[in-house]
Amino acid sequence: MSKDKIPKLFDGSVNELTKPRPKKDRKAKSKDMKKEKKQKTLYVSLDMNRKLIELYGEEGRRQSVIVEDAVNLYYYLKLALGEKKFDELMSAVKREDPEFLREYMGRFKL
């Protein structure tokens, strides 16, 4: 068997393949990893999942976008209303009565 029939896969030496990469490459890779989207795990009740699916169908958007909007809404309402008013609003929301909530929200001045 001649040497010509064996394909050459790598021109360099084994040492080049096994030597550690320079630190700057590792740092660049680390920065890229930080920019990657983080995996989110969200545990919700069956009722909440049903609501998410319904919203997803109505909005035609990804569930992750809907969840992010909900978190932003929750966060900024809590900041804007203060603890006491926010707790009142959440108790109104938990009644799951759109008419009552509409009436309650009508009391807020925008």
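The text that follows walks through the structure, step by step, so that each part is easy to find.

Reading guide: rules and limits
Residues numbered from 1 in each chain as written. Predicted model: local features only at pLDDT ≥ 70, side-chain atom pairs only at ≥ 80, totals over all residues. Heavy atoms only, no water. Helix = DSSP H or I, 4+ residues; strand = E, 2+ residues; numbered from the N terminus. Expected span 1.5 Å × (residues − 1). Buried < 20%, exposed > 50% of the residue type's maximum accessible area, 1.4 Å probe, protein only. Contact = heavy atoms within 4.5 Å. Axes fitted to C-alpha atoms, helices over the stretch in contact; angles between N-to-C directions. Parallel < 35°, antiparallel > 145°, perpendicular 65-115°, else oblique. Nonpolar A, V, L, I, M, F, W, Y, C, P; charged D, E, K, R; others polar. Salt bridge = Lys/Arg side-chain N within 4 Å of Asp/Glu carboxyl O.

## Focus: helix α4 (residues 63-94)
Line of reasoning, step 1. In a regular helix each residue adds 1.5 Å, so 32 residues correspond to 46 Å; α4 covers only 21 Å between its end C-alpha atoms and thus falls short of that length.
Line of reasoning, step 2. Every buried residue of α4 is accounted for by I66, F86, L89 and A92.
Line of reasoning, step 3. For α4, the secondary structure elements touched by its buried residues are α3 (46-59) and α5 (98-106).
Line of reasoning, step 4. The positive-phi residue at the C-terminal boundary of α4 is E96, with phi of around 55°.

## Remarks on unusual backbone geometry
Line of reasoning, step 1. You will see that E96, though not glycine, has its phi angle at about 55°, which is positive.
Line of reasoning, step 2. Among the structural elements, E96 can be located in the loop between α4 and α5.
Line of reasoning, step 3. By relative accessible area, E96 is classed as exposed at 52%.

## Brief notes about the packing of α4 against α5
Line of reasoning, step 1. Between α4 and α5, whose axes approach to 9 Å, the crossing angle comes to 155°. Classified by the angle between their axes, α4 and α5 sit roughly antiparallel to one another. Where α4 abuts α5, its residues K85, E88, L89, A92 and V93 lie against F100, L101, Y104 and M105.
Line of reasoning, step 2. Of the residues belonging to the contact of α4 with α5, the class tally is seven nonpolar, no polar and two charged.

## Here we look at the pattern of salt bridges
Line of reasoning, step 1. Under the definition given, this model contains eight salt bridges.
Line of reasoning, step 2. D47 is paired through a salt bridge with K51; the nearest N and O atoms lie 3.0 Å apart. Of the two residues, D47 and K51 are both situated in helix α3; the distance of four residues between them amounts to about one turn of the helix.
Line of reasoning, step 3. For D47, a relative accessible area of 30% corresponds to the partly exposed category.
Line of reasoning, step 4. Look at K51 and you get partly exposed, because its relative accessible area is 26%.
Line of reasoning, step 5. R61 serves as the salt-bridge partner of E59, at 3.4 Å between the closest nitrogen and oxygen.
Line of reasoning, step 6. Of the residues examined, R61 reaches a relative accessible area of 28% and is grouped as partly exposed.
Line of reasoning, step 7. Residues joined in a network through salt bridges with shared partners are D47, R50, K51, E54 and E96.

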